[in-house]
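Coordinate inspection notes
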Amino acid sequence: MRNFTFPYLSNWFNARFPAREFSEKHLEGYYAPKNFNFWYYFGSFSLLVLVMQILTGIWLTMEYVPTGDEAFASVQHIMREVNFGWLIRLMHTTGASAFFIVVYLHMYRGLIYGSYQKPRELLWVIGMLIYMCLLAEAFTGYVLPWGQMSFWGAEVITSFASAIPWVGKYLVLWLRGDFNVSGVTLHRFFALHVVGIPLILIGFVFLHLVALHYVGSNNPDGIDIKKRKNEAGHPIDGIPFHPYYTVKDLMGVGVFLLVFFFVVFYMPTMGGLFLEPDNYQQANPLQTPPEISPVWYMTPFYAILRAIPNKLFGLLAMAAAIALMFVLPWLDRSRVRSIRYKGNFSQVALTVFVICFVGLGYLGTQPVSVWKTFCAQMFTLGYFAFFLTMPFYTRYEKTKPVPEKVR
């Protein structure tokens, strides 16, 4: 009789699956810079929220009915009659906003520390593709409760495609699956939200992690730690990702979950930002809400679209606002990566960009007025100026000397 002890089973498993090699190469053998700070939590938080969204989404799918007649009632059934259904749904709705919060902070960290510069251009582009998938996933999921804002949000957003010359009307018909937003649209968005987009999203996340482990992580000083190695061939300014950063991330996850569940239990609507009051009313094609606006994480681009009177040019500006982020690695001509060592122009430009982005996000949630439209136009100019003038101020500004090793 064989002794089925843990060492025996472990050896048997590792002889048939490269778990030990994976751990040695990508956990204990992956050396990350030893000066990671607070901003480096949000990458792992993004993975955590992705898993939470997938798990809660699976449970919601078991009770949700994707038809125009029953979708709204099935959501109420989940909230009122399914055991802990209210908890699962509120975790999912809060998780959607939490996802964008941690992703925006993750992107901001990339901006301040130059994590998009050589050799991490492809890493940044894949991250932007993940962001595009998140926007599409969020929009299709926003329609599924089939409340007033869900219905009319889908009506307004899909109608923007009609501004595209020649193919616009056909594109709108393809998006909706009908001449108007209907149960067919709902079913189509349900399939995309549950199956289509998540498969693409998970694929891009995998590629993002592969690219990260190939080129290595950036650090707050923007120094390439691979240039200085010890006798064993390990970076002098690096430490093994496991156990050091796994333990550190676990501590961060504990704090994050405390905040997350505090919001779930005590502020799930967040004053109408996470769950709008109008979406507690069933979709009615004959009654338009007083104000129609997307969820907060899409409002910066919605504000850019509204700031331009012409529908087609507004749509092009909104697309350009996202497209410019894809080419950011080739716009920055600075000799240093981190904002710590860049010149005053880069620091001021980044501050103005953050103010403009937040300002656009706020104005996108507000009713239209002459003054707010003017402010949105000014913020839009500031947003585009950050990218379009970057090749000039990053090339000619005076930078600070970068230390030879991380601090």
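What you see is a predicted model; the values in this text were computed from it and never measured.

Here we take up the overall build of the chain. The helix and strand inventory of the chain stands at 16 helices and 2 strands. Radius of gyration (C-alpha) of the chain: 24 Å, near the 22 Å computed for a compact globule of 407 residues. If you line up the chain on its principal axes, its C-alpha atoms span 75 × 75 × 40 Å. Looking at the chain as a whole, 48% of its 407 residues qualify as buried. Excluding contacts between residues fewer than 6 apart, the proportion of contacts in the chain whose partners are at least 24 apart in sequence is 77%. Here the chain has roughly 21700 Å² of accessible surface; of this, 70% comes from carbon and sulfur atoms. If you average the places of the 31 positive and of the 22 negative side-chain charges in the chain, the two averages end up 11 Å apart.

On to the packing of helix 5 (residues 85–113) against helix 6 (residues 121–143), then. When two helices pack together, their arrangement is captured by the angle between the axes and the distance separating the axes. The N-to-C vectors of helix 5 and helix 6 enclose an angle of 160 degrees; their axes lie 12 Å apart at closest approach. Regarding the angle of helix 5 to helix 6, the classification is roughly antiparallel. The interaxial crossing formed by helix 5 with helix 6 has left-handed handedness. Taking contact as the criterion, the partners of Phe99, Phe100, Val103, Tyr104, Met107, Gly110 and Leu111 in helix 5 are, on helix 6, Trp124, Met128, Tyr131, Leu134, Leu135 and Ala138. Among the residues forming the contact of helix 5 with helix 6, the class breakdown is 12 nonpolar, 1 polar and no charged.

Packing of helix 8 (residues 168–176) against helix 9 (residues 183–215) leaves a shortest axis separation of 8 Å and a crossing angle of 75 degrees. As the angle between them shows, helix 8 and helix 9 are arranged roughly perpendicular. Across the interface between the two elements, Leu173, Trp174, Leu175 and Arg176 from helix 8 touch Val184, Thr185, Arg188 and Phe189 from helix 9. Its residues assigned to classes, the contact of helix 8 with helix 9 comprises 5 nonpolar, 1 polar and 2 charged.

The residue proline 235 is located in the loop between helix 9 and strand 2 (238–240) in this model. Discounting chain neighbours no more than four positions away, the residues touching proline 235 are Tyr31, Ile225, Arg228 and Lys229.

With the rule as written, the count across this model stands at 4 salt bridges. Note that arginine 176 and glutamate 155 form a salt bridge whose closest N and O atoms lie 3.3 Å from each other. Taken together, the residues arginine 176 in helix 8 and glutamate 155 in helix 7 (residues 148–159) connect sequence positions 21 residues apart. Residues arginine 176 and glutamate 155 agree in their burial class; the two are buried. Across the salt bridge formed by arginine 228 and aspartate 237, the nearest N and O atoms sit 3.0 Å from each other. The exposure class assigned to arginine 228 is partly exposed, which follows from its relative accessible area of 30%.

Reading guide: rules and limits
Residues numbered from 1 in each chain as written. Predicted model: local features only at pLDDT ≥ 70, side-chain atom pairs only at ≥ 80, totals over all residues. Heavy atoms only, no water. Helix = DSSP H or I, 4+ residues; strand = E, 2+ residues; numbered from the N terminus. Rg over C-alpha atoms; globule rule 2.2 N^0.38 Å. Buried < 20%, exposed > 50% of the residue type's maximum accessible area, 1.4 Å probe, protein only. Contact = heavy atoms within 4.5 Å. Areas by Shrake-Rupley, 256 points an atom, 1.4 Å probe, with all protein chains shown as cover. Lys, Arg positive; Asp, Glu negative; His and termini not counted. Charge placed at Lys NZ, Arg CZ, Asp CG, Glu CD. Axes fitted to C-alpha atoms, helices over the stretch in contact; angles between N-to-C directions. Parallel < 35°, antiparallel > 145°, perpendicular 65-115°, else oblique. Left-handed = near helix turned anticlockwise from the far one by under 90°. Nonpolar A, V, L, I, M, F, W, Y, C, P; charged D, E, K, R; others polar. Salt bridge = Lys/Arg side-chain N within 4 Å of Asp/Glu carboxyl O.

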